[in-house]
Amino acid sequence: MRKAGFGNLEVLGERFGEKPSSKKVLPDITSLSAHWHKLNQQTFASVFPVMVNMATSDLSKLKISSDERTTASRGSRRWLRWIIVGSAALALAALLWWSGIVIRPSEITVTRVSMTFASRALTILNASGYVVAQRKAAVSSKATGRLQELFVEEGKVVKTGDVLAILENGDLDATLEEAKAALHVAQANLSNAEAELEDATLNYDRQKSLRESGAVSVQAFDTSDARYRKAQASVRSARFGVERAAASIKIAQVNLEYSFIRAPFDGVILTKNADIGEIVAPFGASVNSRAAVATMADMSSLMVEVDVAESGIEKIKPNSAAEIKLDAFPNDRFPGTVHMIVPTADRAKATVLTKVRFNELDPRVLPEMSAKVAFLSRPLKPDELEPFLGVPASAVKKVGGTNIVFKIVDIIAKRTPIQIGRTWSDTFEVLSGLTQGDAVALDPDKLRDGEKVKIKE
């Protein structure tokens, strides 16, 4: 007996009265289903006569119930139905994919439109550092004493010679008064010596005339002469005494002045280092003493000191243009000029200290502020100092004489025409079409208007 199977289509054809063909053709789904149902019926009809010839006692064991045939037929049709549906779904998905109806989102890189500066295109080297006052002093006293009065606080503007603090100076004041009194004594002694000289001079002149006429002895003339010379010496000594007393007054005045701590130059008080009642001593000689009363700086001497790598120091020269950016004011830029390249390197960091001065000082700039310096290839023009709305050149595509970008809105690429102005290296100035904060694609060549995109992380 010839067995029927699912893969032997020629046998199925013979079972249904069809002649086998040398050309194998896959039947359609409808005929295949009908053939399968008919096959079930004929299989039962062909098997049953054979079963009749078997022993009567075994006949009941070989009998096939109608319920079992129905269940097997339904299970086969259910599996066939799922196979047909799955194959059709796969074919439809492949058709939509190749026809372009269903497209996987393009993966792109985006950037934000932002305000930028022209200096970015002119920068040849960047460095970071701090604002440093070139004239700065820790103001202290030359004398040791207790702080009696203090006239400063942080941020106070002072002028040269302004008194910042006063030490206890009662003893120094008394010394000055004593020196002044000594001067008065010396001046009195000088007056006495001058009067004695005047009397000695008159006596000498008289004795000299009488000696010439022989009226007095030689001894009397010599006595008057000696008195005259002694009076002259007394006057000179008295004059030296006056000068000495005057010098003592100056010493006392200087010592007294040491008790007045004054500002050495025009500037601003940065820190107050001592309070009333504390001992102030030169160099902080004592553990409990203060070496300085206050720290001040000349705000007109502010510069930015940056460490430039040795490998890039050849790119900058003294008096070359620079631009300063302070972390405290991220939206502002300050024009600067290279003031000095310090002629020594730091072997530990392999850098060279470079000082950059402000072309115009801003009162908001304070010492020790963190700063970044961009060294420029040329000075900025007046119209290049203000920021402008910029977009990378790689985001702009020219189509039919119109500059366009693809603005990303809710993961959809929207073709947006823009008007550009000046060009700075790899940045275009946007005059219209975009606003600050807009997201644009950096690779517009592979995008279409309205296309869904996936943004790279």
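An account of the accompanying structure is given in this report. (Residues numbered from 1 in each chain as written. Predicted model: local features only at pLDDT ≥ 70, side-chain atom pairs only at ≥ 80, totals over all residues. Heavy atoms only, no water.)

## Some remarks on the packing of aromatic side chains
By convention here, two paired aromatic rings are described through the distance between centres and the angle between planes.
Consideration 1: Taken as a whole and judged by the stated rule, the model has three aromatic pairs.
Consideration 2: Considering the side-chain rings of Y204 and F221, the 5.7 Å spacing of their centres and the 35 degrees angle between planes classify their relative orientation as tilted. Of the two residues, Y204 is situated in helix 6 (residues 170–213) and F221 in helix 7 (residues 218–258); the sequence distance between them amounts to 17 residues.
Consideration 3: Assessed through its relative accessible area of 16%, Y204 is described here as buried.
Consideration 4: Ring centres 5.0 Å apart and planes at 15 degrees place the aromatic pair Y204 and Y228 in the stacked group. With Y204 in helix 6 and Y228 in helix 7, the pair connects residues that are 24 residues apart, well separated along the chain.
Consideration 5: One aromatic cluster in this structure is built from Y204, F221 and Y228.
Consideration 6: Across from the ring centre of F265, 4.9 Å away, lies the NZ or CZ of R135, which sits over that ring.
Consideration 7: Across the ring face of F388, the terminal group of R422 is positioned such that the distance to the ring centre comes to 5.8 Å. (Phe/Tyr/Trp six-rings, centres within 6.5 Å; stacked < 30°, edge-to-face > 60°. Helix = DSSP H or I, 4+ residues; strand = E, 2+ residues; numbered from the N terminus. Buried < 20%, exposed > 50% of the residue type's maximum accessible area, 1.4 Å probe, protein only. Lys NZ or Arg CZ within 6 Å of the ring centre and 35° of its normal.)

## Section: the pattern of salt bridges
Consideration 1: Overall, the coordinates contain 19 salt bridges when judged by the stated rule.
Consideration 2: Put simply, R227 and E196 hold a salt bridge, and the shortest N to O gap is 3.3 Å. Pair noted here: R227 is in helix 7 and E196 is in helix 6, with a separation of 31 residues, a long-range link.
Consideration 3: R227 gets classed as partly exposed once you look at its relative accessible area, which sits at 28%. (Salt bridge = Lys/Arg side-chain N within 4 Å of Asp/Glu carboxyl O.)

## Digging into unusual backbone geometry
Consideration 1: In this structure, N319 takes a positive phi of about 70 degrees despite not being glycine.
Consideration 2: Along the polypeptide, N319 turns up in the loop between strand 14 (302–309) and strand 15 (321–326).
Consideration 3: N319 gets classed as exposed once you look at its relative accessible area, which sits at 58%.
Consideration 4: In the Ramachandran plot, A350 falls in the positive-phi region, its phi being about 55 degrees despite a non-glycine side chain.
Consideration 5: Inspection of the secondary structure puts A350 in the loop between strand 16 (334–346) and strand 17 (351–358).

## Here we look at the pairing of strand 14
Remark: a regular strand shows side chains that alternate across the two faces of the sheet.
Consideration 1: Taking burial as the measure, the eight residues of strand 14 include six buried ones, the bulk of the element.
Consideration 2: Pairing between strand 14 and strand 17: seven bridges, direction antiparallel. Residue D307 lies in a different strand from strand 17, and its bridge partner there is L353. (Pairing = 2+ DSSP bridges.)

## A short note on the packing of helix 6 against helix 7
Consideration 1: Relative to each other, helix 6 and helix 7 sit at 165 degrees, their axes nearing to 7 Å. With respect to helix 7, the axis of helix 6 lies roughly antiparallel. Crossing angle aside, the handedness with which helix 6 passes helix 7 is left-handed.
Consideration 2: Looking at the contact of helix 6 with helix 7 residue by residue, the classes come out as 24 nonpolar, 13 polar and ten charged. (Axes fitted to C-alpha atoms, helices over the stretch in contact; angles between N-to-C directions. Parallel < 35°, antiparallel > 145°, perpendicular 65-115°, else oblique. Left-handed = near helix turned anticlockwise from the far one by under 90°. Nonpolar A, V, L, I, M, F, W, Y, C, P; charged D, E, K, R; others polar.)

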